[in-house]
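# Notes for the structure review
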Amino acid sequence: MVGALTLAIYRPAWHGGFIWDDDRYVTNNHLLVAPDGLRQIWFSLAAPSQYFPLAYTLLRIERSLWGLDPTGYHFVNIFLHLANALLVWWILARLKIPGAWFAAVIFAVHPIQVESVAWISELKNVLMGFFFLLTLAAWIEYVDLKGQRRRRTFYFAALICFALALFAKSTACTLPAALLLVLWLKKAPIGRRQIFEIVPFVLMAVGVGLVAIWWEKYHQGTRTLVSLGPLERILIASRAVWFYLSKIFWPSNLTFIYPQWHINPSNVLSYFWLVLSAGAAALIYYLRRFFGRGPEVAALFFLTTLGPLLGFIMLYTFRFTFVADHYQYLACIGPIALASAGLVTLGQRSQGLRWSVAALGAVILAAFCLLTVRQATMYRDVETLWRTTIAKNPGCWMAINNLGVLQIEKGDVDGAMEKYEQSLQLNPDYPEAHYNLGRALLQQGRIDDAIRECEVALKLLPNEPDAHVVLGNAFLAKDDLDQAAREYVKALTVRPDDANAHYNLGLVWQKKGDIERASREFQTANELDQLQKR
């Protein structure tokens, strides 16, 4: 039943296309087709985003199976999500949480999960979730099998699954906290032996977590893009917690990119969410005498699993938003399990309310299914995604710029320029919009204006390869061959597999009469193009 329902509600995503970031992860990712791609995936800094070697390895396998047909990629995500829902049911049932089956179904059909399931690039999220939940399942078996010889097998299985979860996505580093919460919920002893058993998990988590922080700061460039003080980060985190809870219990106005909050520590109202969080913590602590450890375990699981994504660690996406639906893919299990347990327990203890509770549960499921179908439709293609995002978040300068990119690909240069200028009105320091506007200006023959826009982009984001390529094109159009060559070389220094830069550099050498060097660049460009078409 859960499987059929999950497949049915994700019907709009079955044949959805590739959208934002899918080019970096799949369609233009040379690591998926290069002969030495596996080596680079696991043992180099060549990955286009974070260090997610297991996710890229699976994408490489998928690329060899389906090529550039997105249908296969979508079904892998859907089936992984379904497997995760079944694992949620199994884990909650083993923990003797009432309504485990209902919580699992809610997890499967909840509309906040659409972003993780319908977006091909978020394979890393559902794959990490699969091994994260397998680790918890193995840990529960290990805790329950006291004194039995095969107990050790589950401990090592948990370690292996945790390593795979970390290699799928580094946000799995919060799992050691979940292991402690399992012991706490089961009222198992937490002494030196238990702490010692969890230490290997902590060491693995810290190691991968530090790599992720370094990668995000120096490889993704968040140290130059985002600057927030400690107090601002705390205020963002406190507000984000309530944002995520609100989307779990009232999933309205879900969108791909949410408006970015303006945090002002000097404004007293900015502390409202922090005070509310402190009050909620006190209330949960007080209620434990009536409801046991369940509510605080659910709350702590929610907070610790969300922890790395709340704002304490700077992420690249914080350039344009502080929250995203896929950030709480696993964290939502805590509140969902708690609410499901409360609803089912109420129905079991009160004969008069049993049918009312059952009807309420059916209404919730039906509503979530309908919302998920509607949300999945947004991922049909990239243009639908950006237009829907702009309709819900008119100030999203990134979405407006990206819609302009689509328009220029269709030959609508004037429409694209309008979008780029609109994006820059909202955010004058957005380098992508500057060099995209430069590209459009170049198509109109306004070479000097194009050069100025690209130079602004490179001041804001030095060593941006796309800006160097556009700037090189402008100098090439101006017959300034030496300057054009320098720009293409700079682009290739940052991104050696840029076929367009190689080809245009070949044109430069050809115009300069260096036929041998031109031939080498043309050959390299052709090889890279052929590699991407595999």
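Up top is the structure.
Nothing here was measured: the structure is a model prediction, and the numbers come from that model.

Reading the values: rules and limits
Residue numbers run consecutively from 1 along every chain, following the written order of its sequence. Only residues with pLDDT of at least 70 get local features here, since the model is predicted, and only at 80 or more are side-chain atom pairs given and counted; chain-wide, interface and lining totals rely on the full set of residues. To obtain the side-chain values, all non-hydrogen atoms of the structure were used and water was disregarded. Each axis is a line fitted through C-alpha atoms, and for a helix only the stretch in contact is used; angles between axes span 0 to 180 degrees, taken between their N-to-C directions. The way it works is that DSSP assigns letters per residue, a run of H or I at least four long becomes a helix, a run of E at least two long becomes a strand, and they are numbered from the N terminus. Any angle from 65 to 115 degrees is called roughly perpendicular, while one under 35 is roughly parallel, one over 145 is roughly antiparallel, and all others are oblique. By definition, any crossing whose near helix is turned counterclockwise from its far helix by less than a right angle is left-handed, and any crossing with a clockwise turn is right-handed. Two residues form a contact once any of their heavy atoms are found within 4.5 Å. By salt bridge we mean one thing: a side-chain nitrogen of Lys or Arg within 4 Å of a carboxyl oxygen of Asp or Glu. Whether a residue is buried, partly exposed or exposed follows from its accessible area with a 1.4 Å probe, protein chains only, as a fraction of its type maximum: under 20%, in between, or over 50%, in that order. What counts as a ring pair is set by centres within 6.5 Å for rings of Phe, Tyr and Trp (its six-membered ring), and what kind of pair is set by the plane angle: stacked under 30 degrees, edge-to-face over 60, tilted for all other angles. In this analysis, the expected span of each helix is defined as 1.5 Å times one less than the number of residues it contains. Throughout this description, the term nonpolar core refers to a set of buried Ala, Val, Leu, Ile, Met, Phe, Trp, Tyr and Cys residues connected via side-chain atoms within 4.5 Å.

Looking now at the packing of helix H5 (residues 70-94) against helix H8 (residues 123-144). Between H5 and H8, whose axes approach to 9 Å, the crossing angle comes to 25°. In terms of orientation, H5 and H8 fall into the roughly parallel class. The crossing of H5 and H8 is left-handed. Contact with H5, carried on its side by Val76, Asn77, Leu80, His81, Ala83, Asn84, Leu87, Val88, Trp90, Ile91 and Arg94, involves Leu123, Val126, Leu127, Gly129, Phe130, Leu133, Leu134, Leu136, Ala137, Ile140, Glu141 and Asp144 of H8 and no other residues of that element.

What follows deals with the pattern of salt bridges. Inspection of the entire model under this criterion finds 23 salt bridges. One salt bridge in this structure joins Glu197 and Arg193, with 3.3 Å as the shortest N-O distance. Linking Glu197 with Arg193, this pair stays in helix H11 (residues 192-219), spanning 4 residues, or about one helical turn. Exposure remark for Arg193: the relative accessible area of 56% places this residue in the exposed category. A salt bridge links Arg452 to Asp449; the shortest N-O distance between them is 2.0 Å.

Counted by the stated rule, this structure contains 32 aromatic pairs. Consider the rings of Tyr51 and Phe167, whose centres lie 6.5 Å apart with planes at 85°: the pair is edge-to-face. Of the two residues, Tyr51 sits in the loop between helix H3 (37-43) and helix H4 (53-66) while Phe167 sits in helix H9 (residues 151-168), which places them 116 residues apart along the sequence. Looking at Phe167, the relative accessible area reads 27%, which means it is partly exposed. Ring centres of Phe243 and Tyr258 lie 4.9 Å apart, and the angle between their planes is 80°; this geometry places the pair in the edge-to-face category.

Let's shift gears to helix H14 (residues 272-291). Along its 20 residues, H14 runs 27 Å from first to last C-alpha, staying within 8% of the 28 Å computed at 1.5 Å per residue. Where H14 terminates, the next one or two residues include Gly292, which has phi positive at roughly 75°.

Right, let's talk about the environment of Lys490 for a bit. As for its placement among the helices and strands, Lys490 is situated in helix H24 (residues 481-494). The exposure class of Lys490 is partly exposed, given its relative accessible area of 42%. Considered as a pair, Lys490 and Asn463 are 27 residues apart in the sequence and their alpha carbons are 7.2 Å apart.

Let us now look at the nonpolar core. By size, the foremost hydrophobic cluster in this structure holds 164 residues, and its most contacted members are Phe132, Leu133, Trp139, Tyr244, Tyr379 and Trp386. For this core, the leading source of residues is H8, giving 14 residues. Excluding residues within four positions of it along the chain, Leu133 makes contact with Asn84, Leu87, Val88, Ile91, Leu330 and Ile333.

Our next topic: the packing of helix H6 (residues 100-109) against helix H16 (residues 333-349). Look at H6 against H16: their axes get within 8 Å of each other, and the N-to-C directions meet at 135°. Taken together, the axes of H6 and H16 lie oblique to each other. The way H6 lies across H16 gives a crossing that is right-handed. On the side of H6, the interface is formed by Phe102, Ala103, Ile106 and Phe107, while H16 contributes Ile333, Ile336, Ala337, Ser340 and Leu343.

The subject of this paragraph is unusual backbone geometry. Positive phi, close to 55°, is recorded for Lys187, a residue that is not glycine. With respect to the helices and strands, Lys187 occurs in the loop between helix H10 (175-185) and H11. The backbone of Asp479 sits at a positive phi, close to 65°, despite the residue not being glycine. We classify Asp479 as exposed; its relative accessible area is 53%.

In short, shape yes, function no, at least from these values alone.
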